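The chain contents come next:
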Amino acid sequence: MKKNRSMMAGLCLLAVMCAGYGAVSFGVGQQEKRKQEAEEANTIYLTDFAEVTGVKATRQGQTISLIKEDGQWLDEGDTERPVKQSLAALLASSGQQITASRRLEGAGALVNYGLDEPEYRAVFTDASGEQAEIMVGDQLEDGRYYAKLEGRAEVYTIDSGLVSAMDYTDLEFTQPEILPQVKSDEVQLVQVTGAAGDEDEEDEMAGEMIFSRKDGTLTDEMAASAAGFVLGDCAAWKPDKEELAEMGFDGRERRLSYVCEPDAEEDEENGHQSTVVLEIGGLNETGTDYYVRQPGSSMILLMSRSVLDEFLMGNAG
């Protein structure tokens, strides 16, 4: 009987301790909730969208306008241009909820903050058509920026997130084309036209070179180089005739093609011969890359000189 009373007392004590712990936990939780609510109440929102579906961003006089349709970001002015989705999504999310670090009391002339002629300006739109236009001015020593809403007098400071998301050129928002992935042992032949001699000597540009596995002129190392061809950054989108000439696409371009023959047993669906073709213009300003394009494409890309010269200069192997 005495043992039972001791057990009951222990259980009661445990219940009291649990209740006390629960009360303390509840109290702490309530305090955290009130603190969070107070912080929310004091937060200054320059934008507060559920979702951003349109962005018009101007950076250093260059403007890009993006819209979201069926889950994909498109260039509003040219829907044919492939848009780099990661950068577009970053830009949209940077404008979804812009909060101010502080509001300047008694702000003077906008010129004092670089907001008379802002270097960065962005208009964010949601699905209902609601818009917010943000102007970003000078940077502070702590890395933040002065900013204001169009049509409002108040000047705020914001963190660097919006500027970082806008700090890309129009071409950097363009998704580069890619080449088909092939294995080195699938490359059977590489053909180059207009590859002999110096690229400045037009009379020596009409040559043709063929590197083939059949006659041994295409080595395993060369086949691996061809299989590893990778297109670099976009250098131009829909360039005009003058721009094309400056990049070497005015009759001086060379043509490199490589024939691939996948193993039919390994790839029953795609086990047929295919040819990849590249048109190669001149060198870029740094001399490190060639301007290249795929036939019929409106995109000019960069491609490493060190990789292409093995075939173009006639000294391969």
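Just above, that's the structure.
Quick summary incoming for the structure in this document. (Residues numbered from 1 in each chain as written. Predicted model: local features only at pLDDT ≥ 70, side-chain atom pairs only at ≥ 80, totals over all residues. Heavy atoms only, no water.)

Some remarks on the packing of helix 4 (residues 220-227) against helix 6 (residues 305-312)
So, point 1. At a minimum axis distance of 10 Å, the contact between helix 4 and helix 6 shows a crossing angle of 130°. Put simply, helix 4 runs oblique to helix 6. For the pair helix 4 and helix 6, the sense of crossing is left-handed. Residue-level inspection shows Met222, Ser225 and Ala226 of helix 4 in contact with helix 6, the latter providing Val307, Glu310 and Phe311.
So, point 2. Residue composition of the contact of helix 4 with helix 6, by class: four nonpolar, one polar and one charged. (Axes fitted to C-alpha atoms, helices over the stretch in contact; angles between N-to-C directions. Helix = DSSP H or I, 4+ residues; strand = E, 2+ residues; numbered from the N terminus. Parallel < 35°, antiparallel > 145°, perpendicular 65-115°, else oblique. Left-handed = near helix turned anticlockwise from the far one by under 90°. Contact = heavy atoms within 4.5 Å. Nonpolar A, V, L, I, M, F, W, Y, C, P; charged D, E, K, R; others polar.)

Remarks on the side chain of Thr125
So, point 1. Positionally, Thr125 belongs in strand 7 (residues 120-125).
So, point 2. Take Thr125: its relative accessible area is 16%, and that puts it in the buried class.
So, point 3. Leaving out residues up to four positions away in the same chain, Thr125 has contacts with Glu51, Val52, Thr53, Gly54, Glu130 and Gln131. (Buried < 20%, exposed > 50% of the residue type's maximum accessible area, 1.4 Å probe, protein only.)

What to know about the packing of aromatic side chains
So, point 1. Evaluation of the coordinates by the stated rule reveals five aromatic pairs.
So, point 2. Aromatic ring contacts, followed pair by pair, group Phe211, Phe229, Tyr258 and Phe311 into a single cluster. (Phe/Tyr/Trp six-rings, centres within 6.5 Å; stacked < 30°, edge-to-face > 60°.)

Examining helix 2 (residues 85-94)
So, point 1. The complete set of buried residues in helix 2 reads Leu87, Ala88, Leu91, Ala92 and Ser94. Seen end-on, helix 2 carries its buried residues on one side only, within an arc spanning 165°.
So, point 2. The elements touched by buried residues of helix 2 are strand 2 (54-59), strand 3 (62-69), strand 4 (72-75), strand 5 (97-100), strand 7 and helix 3 (161-166). (Arc of directions from axis to C-beta.)

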